[in-house]
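Descriptive analysis of the structure
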Amino acid sequence: MRRSTKLAAVVLSGSLGIASLAACGAKSNDTNASSGSSEGGLKVGMAYDIGGRGDQSFNDSAARGLDKAKAELGVGVTEADAKTGEAEADKETRLKNLVTAGYNPIIAVGFVYQGAVEKVAKENPNTKFAIIDSASDTQPSNVTSLTFSEQEGSYLAGVAAALKSKNKHVGFIGGVQSELIKKFEAGYKAGVKSVDPSIAVETTYLTTPPDFSGFNSPDKGKEAAQGQLDKGADVIYTAAGSSGNGAIEAVANAGKLAIGVDSDQAAQPALAKYKNSILTSMVKNVDKAVFAYIDSAKKGSPFTGVKNFDLKADGVSLATTGGKIDDIQGKLNDAATAIKSGATTVPTAP
């Protein structure tokens, strides 16, 4: 996957020092000639969650939406990375630097940005912000929430796991024990139990807030997966950003089945050697949400409030790469139809 080049300087009517850009970890795709954006055109800033572009999961999905917007809409873009263990002030500085550099709208990838987005948005009412995976009653009107019904896609992942488990024993690994990741857990367990209530479900969380390293620690993911394998789990679903790469490695080495998350992980080049062990992935189509938001902003009518992407809106889905769920697709389609029609209501808490 192509990576952006580091941003060396930004020309502004009011100067922004190189030092402050380095502090926010900015890297740019904003070369107007290559992006096709005209002078004064839309400039989109994206602040990534921990792991950044290249995590093979959540951030990469957001990056695909940004890349598509650059290619098809001709917008200028820049990207800024987060650091594991960073302070809240670092997130605020990152967003403020993007504002100062003239990026509008600014997209924050991940619920960890909620506090920083609210503060910086209130201070900059003329800048539009979008935040992925978080919604707050206190956020100002210039902030749009892009959310997903993760529990619905995870329910289908649970159905697939239950139908494929030979041991009647499966696992769930969450990166950080948060309300968001609990939606994945709740949906997955409900899907498993809908097939066979007797199936055992192991649950492991890698970290708890304020420690968010569980989204960027493949070693922790590998250790957690090995623990579940040792207990007899033969299908393991991991919702943990790049930590899931370690879990997939452990599962593959044991000859069992993994379920990926956010991106179609069987199709990710960095995970190619494990693709035969990836049953499916619960794809959260962050790329579609990002592109749709940027498109609405370019048209002059950006989304406002909370924009949710559910199963019916193709906000979540199961990947079919490798054909490992082809034989159970009929049952998965039935489960999906029941959710879309309202016949099945998927829980959002375990």
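Note: the structure precedes this text.
Predicted, not measured: the structure shown is a model, and the values here were computed from it.

Calculation rules
- Per chain, residues are indexed from 1 in the order of the written sequence.
- Where totals are concerned, whole chains, interfaces and linings use all residues; where local detail is concerned, this predicted model gives features only for residues with pLDDT of at least 70, and gives and counts side-chain atom pairs only at 80 or more.
- Side-chain metrics in this entry use all non-hydrogen atoms of the structure; hydrogen atoms and water are not considered.
- Using a grid of 1 Å spacing that covers the protein atoms alone, one calls a set of points a cavity when a 1.4 Å probe fits there but cannot get out, and a pocket when the set is open and has protein on both sides within 12 Å along at least five of seven lines; lining residues are those with an atom within 4 Å of a point.
- Grid points are joined across faces, edges and corners, and a volume is the space filled by probe spheres set on the points.
- Secondary structure counts use DSSP, requiring at least four H or I residues in a row for a helix and at least two E residues in a row for a strand, with both numbered from the N terminus.
- Throughout this entry, Asp, Glu, Lys and Arg are counted as charged residues, while Ala, Val, Leu, Ile, Met, Phe, Trp, Tyr, Cys and Pro are counted as nonpolar. The remaining residues, Gly among them, count as polar.
- We call a residue buried when its accessible area falls under 20% of the maximum for its residue type, exposed when it is over 50%, and partly exposed in between, using a 1.4 Å probe and counting protein chains only.
- Pairing between strands requires that DSSP locate at least two bridges from one strand to the other.
- Convention used here: a crossover is right-handed provided that the path from the first strand, over the helix, to the second strand proceeds clockwise when the strands point away from the viewer.

Rolled over the atoms, a probe sized like a water molecule indicates the empty space that remains. Here the structure, examined in full by the defined rule, presents 1 cavity of 30 Å³ or more. In this structure, the largest cavity spans a volume of roughly 160 Å³. Along the wall of the largest cavity there are 17 residues; nearest its centre are Asp49, Phe58, Ile181, Phe215 and Asp262. For the lining of the largest cavity, the secondary structure elements donating two or more residues are helix H3 (58-73) and helix H7 (179-195). Looking at which element gives the most residues to the lining of the largest cavity, the answer is H7, with 3 residues. Considered class by class, the residues forming the lining of the largest cavity number 9 nonpolar, 3 polar and 5 charged.

Right, let's talk about the pairing of strand S10 (residues 235-239) for a bit. S10 sits mainly inside the fold: 5 of its 5 residues count as buried. Of the two faces of S10, both are covered, the one formed by Val235, Tyr237 and Ala239 as well as the one formed by Ile236 and Thr238. One ladder, built from 5 bridges, connects strand S8 (residues 169-176) with S10; its direction is parallel. Paired with Ile173 across the strands is Thr238, a residue of S10. Of the strand pairs in this sheet, S10 and strand S11 (residues 257-262) are connected by 3 bridges, and their pairing is parallel. Counterpart to Tyr237 in the pairing with S11 is Ile259.

So, on to the pairing of strand S6 (residues 129-132). By the alternation rule, side chains of S6 split into Phe129 and Ile131 and Ala130 and Ile132, which are all buried. Pairing analysis gives 4 bridges linking strand S5 (residues 106-109) to S6, with the strands arranged parallel. Bridge pairing in S6 links Ile106 to Phe129. This β-α-β element, S5 to helix H5 (residues 114-123) to S6, shows right-handed connectivity. Here 4 bridges tie S6 to strand S7 (residues 143-148), and the two strands are oriented parallel to one another. Note on S7: the bridge partner recorded for Phe129 is Val143.

The analysis is restricted to geometry; functional conclusions fall outside its scope.
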